[in-house]
Structures are given as C-alpha cells and as structure tokens.
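# Breakdown of the fold
Now for the letters of each chain:
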Amino acid sequence: METVLVVDIQADFTEWKRGSLAVPGTDEAYVQGVFQATRRFRDAGCPVLATQDWHPADHISFYTRHPGRKAFETVRLEAREQILWPPHCVQDTDGAALLIDPGLFEAVIRKGTDRRYDSYSGFEDDGGGRTGLDRELEKRKTGGIILFGIATDYCVRATALHGLGRGYTVTVVASLCRGVAPETTEKAWAEMRAAGAVIVEAPQDLLRRLGS
Ligand code: VGL
Ligand code: ZN
C-alpha cells in the first residue's frame, strides 16, 4: 500500500486564511478539495501522513533576519542560495496551524525547526538534519508515496525528488497542488517528471486503482 503525504496545508500558505505567504489558488474550495481527497485515500486503506512547516520566530529564511533585504530576494548563505520569505509558519502561531482535521493523519512531520536551515524537503533540511519521515515510511513498509499540497515549486518538488532519490515510487496529484509562481512551478513539474515521478491529474485516477 502506498503512503499518502499531505504537504503543508497551513494557514500561512493560503489565501483562504490571508496567510503571510499565501500561494495563488489556495481558497477555501481548494483546501476542502484536499481534505475530501485525503479522507477518500484514508478510507481506501492508505496510511496518511502530513508535513508541517514549523519555524522558530528567528528562522534564517525570514527576510526580517537580514537587514536591508526584502521578501523574495535571494541571498547566499555559505554555499547555499536562500530565498528570503515573509515570516511564516512560526511555531505555535495560528499561521502555522494545519487546515485539515489532524485526526486524518497517522503522524505529522515537522520541518524547518532549526533556525539555521531551511527545509523545503519533508525528509531533511538544508543542513542534512532528518525530520523523521524516513522512519515513518519504513515503519509502514511503504514502497510508494502519493504526494500533494503546497507549494508545488518548493516543498512538493523537494519532497518528491528526495523520495525518488531514496528509491520510493512517487506519484504527485497535480490538481491538489498549488505553486508560488508560474515559471518555477512549470520547471518543478518538468524536474519531477524527469526524475521519474508519475504525475496524475486527479485523485480519482488513483482511487479507482485502489478500488474505491
Ligand atoms: C515552503 C516556502 C517557504 C513550502 C516552505 O513548504 O513549500 N515554501 N517555506
Ligand atoms: Zn518555510
């Protein structure tokens, strides 16, 4: 059985909740669609996990940590390029809250918890620090991951590529994903496809195969 991973469905990433880093197309109907699909996968017998961006208030990715810099600029940190974001998903704030009933998730994997490193990937941060997702997948003897959420061009992309790199089959449900910007989102789809991800349009395309 494949494990479903619901990526960063959090207030700060949505237009619905007027989040600080609201991604285009994330209205209430989008979130409800993700919720319904997640419930169907669970009812079909899939283990369901979630990721949650979970930053300390002084996280390195916040432009407010870099005097003279503005949001969405890129800076060089040691050998890394870091996009500077508006402060978002700060631990224990409303903006960091998951917008889907947590009762649907067998586990929630928090990422970006180390102030020194960003973590688009659900598996590990830019410093190589592991989140615990590997262990959750191993526990469930998962061969494959079904992935969807926010943002296509950051967390979904990075998690898909790391999953493929670890030998999992990765299927991304396109209609349940939203990207920060059109160009990076197009590029992300191409990269995921080139790395071996299967892209399906709708959850029904997979649910039929699961017999529901
Ligand atoms: C993400 C930007 C900043 C994501 C997280 O999860 O896609 N994007 N932090
Ligand atoms: Zn973040």
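Please refer to the structure higher up on the page.
These notes cover the structure that comes with them. (Residues numbered from 1 in each chain as written. Chains lettered and ligands numbered in written order. Predicted model: local features only at pLDDT ≥ 70, side-chain atom pairs only at ≥ 80, totals over all residues. Heavy atoms only, no water.)

Protein coordination of the zinc ion (ligand 2) is provided by Asp53 (OD), His55 (NE2) and His88 (NE2), with donor distances spanning 2.0 to 2.2 Å. Around the zinc ion (ligand 2), the four donor atoms sit at angles spanning 86 to 169°, and that spread fits a shape best called irregular. Spacing between the donor residues of the zinc ion (ligand 2) along the chain follows D-x1-H-x32-H. With aspartate 53 in strand E2 (residues 48-53) and histidine 88 in the loop between strand E4 (80-83) and strand E5 (107-111), the pair connects residues that are 35 residues apart, well separated along the chain. The pair formed by aspartate 53 and histidine 88 is uniform in burial state, with each residue classed as buried. (Donors = N, O, S within 2.8 Å, 3.2 Å for Na, K, Ca; no water. Tetrahedral: all angles 85-135°; square planar, octahedral: opposite > 155°, others 65-115°. Helix = DSSP H or I, 4+ residues; strand = E, 2+ residues; numbered from the N terminus. Buried < 20%, exposed > 50% of the residue type's maximum accessible area, 1.4 Å probe, protein only.)

Let us look at the packing of aromatic side chains. Per the stated rule, a full pass over the model turns up five aromatic pairs. An angle of 80° between the planes, with centres 6.4 Å apart, marks the rings of tryptophan 85 and tyrosine 120 as edge-to-face. Pair noted here: tryptophan 85 is in the loop between E4 and E5 and tyrosine 120 is in the loop between E5 and helix H2 (133-139), with a separation of 35 residues, a long-range link. With relative accessibility at 4%, the residue tryptophan 85 sits in the buried group. Residue tyrosine 120 is classed as partly exposed on the basis of its relative accessible area, which comes to 22%. Here the aromatic residues Phe72, Trp85, Tyr120 and Tyr154 are joined through ring pairs into a cluster of three or more. Above the face of the tryptophan 16 ring, lysine 17 is positioned so that its terminal group lies 4.0 Å from the ring centre. For the cation-ring pair, arginine 110 lies above tryptophan 54, with the distance from its terminal atom to the ring centre recorded as 3.7 Å. (Phe/Tyr/Trp six-rings, centres within 6.5 Å; stacked < 30°, edge-to-face > 60°. Lys NZ or Arg CZ within 6 Å of the ring centre and 35° of its normal.)

Right, let's get into the site of ligand 1. Close contacts around ligand 1 come from Asp8, Phe13, Asp53, Trp85, His88, Lys111, Tyr120, Ile150, Ala151, Tyr154 and Cys155, and that covers them all. In this structure, an oxygen atom belonging to ligand 1 sits 2.4 Å away from a side-chain N or O atom of aspartate 8. The contact in question runs from an oxygen atom of ligand 1 to an N or O atom on the backbone of cysteine 155, over 2.9 Å. Here ligand 1 is seated within the largest cavity. (Near = heavy atom within 4 Å. Polar contact = N/O pair within 3.5 Å; in protein donor to acceptor, adjacent residues only side chain to side chain. 1 Å grid on protein atoms, 1.4 Å probe; cavity = no way out; pocket = protein on both sides within 12 Å on 5 of 7 lines; lining within 4 Å. Sits in = over half its atoms within 2 Å of the grid points.)

It is at 10 Å that the axes of helix H3 (residues 152-165) and helix H4 (residues 182-194) come closest, and there the two elements cross at 10°. By the criterion of interaxial angle, the relationship of H3 to H4 is roughly parallel. Listed contacts from H4 to Thr152, Asp153, Tyr154, Val156, Arg157, Ala160, Leu161 and Leu164 of H3 are Thr184, Thr185, Ala188, Trp189, Glu191 and Met192. Partitioned by chemical class, the residues of the contact of H3 with H4 number eight nonpolar, three polar and three charged. (Axes fitted to C-alpha atoms, helices over the stretch in contact; angles between N-to-C directions. Parallel < 35°, antiparallel > 145°, perpendicular 65-115°, else oblique. Contact = heavy atoms within 4.5 Å. Nonpolar A, V, L, I, M, F, W, Y, C, P; charged D, E, K, R; others polar.)

This part takes up the pattern of salt bridges. Across all of its chains, the model carries 19 salt bridges by this definition. As a salt-bridge pair, glutamate 81 and arginine 76 come within 2.8 Å of each other at their nearest N and O atoms. Each member of the salt-bridge network shares a partner with another, and the members are Glu106, Glu136, Lys139 and Arg140. (Salt bridge = Lys/Arg side-chain N within 4 Å of Asp/Glu carboxyl O.)

Here the focus is the layout of surface pockets. Summary: where empty space remains is shown by rolling a probe the size of a single water molecule over the atoms. Computed from the structure, the largest pocket encloses a volume of approximately 250 Å³. Lining the largest pocket are 14 residues, with Glu81, Tyr120, Asp126, Tyr154 and Arg157 positioned closest to its centre. For the lining of the largest pocket, the secondary structure elements donating two or more residues are E4 and H3. Top element by residues in the lining of the largest pocket is H3. It accounts for five residues. (Points joined across faces, edges and corners; volume = space filled by probe spheres on them.)

Moving on, we come to the side chain of threonine 142. As for its position among the elements, threonine 142 is in the loop between H2 and strand E6 (144-149). Here threonine 142 falls in the buried class, since its relative accessible area comes to 9%. A distance of 2.5 Å separates polar atoms of two side chains, one belonging to threonine 142 and the other to threonine 3. In contact with threonine 142, other than residues within four places in its own chain, are Met1, Thr3, Leu137 and Tyr168.

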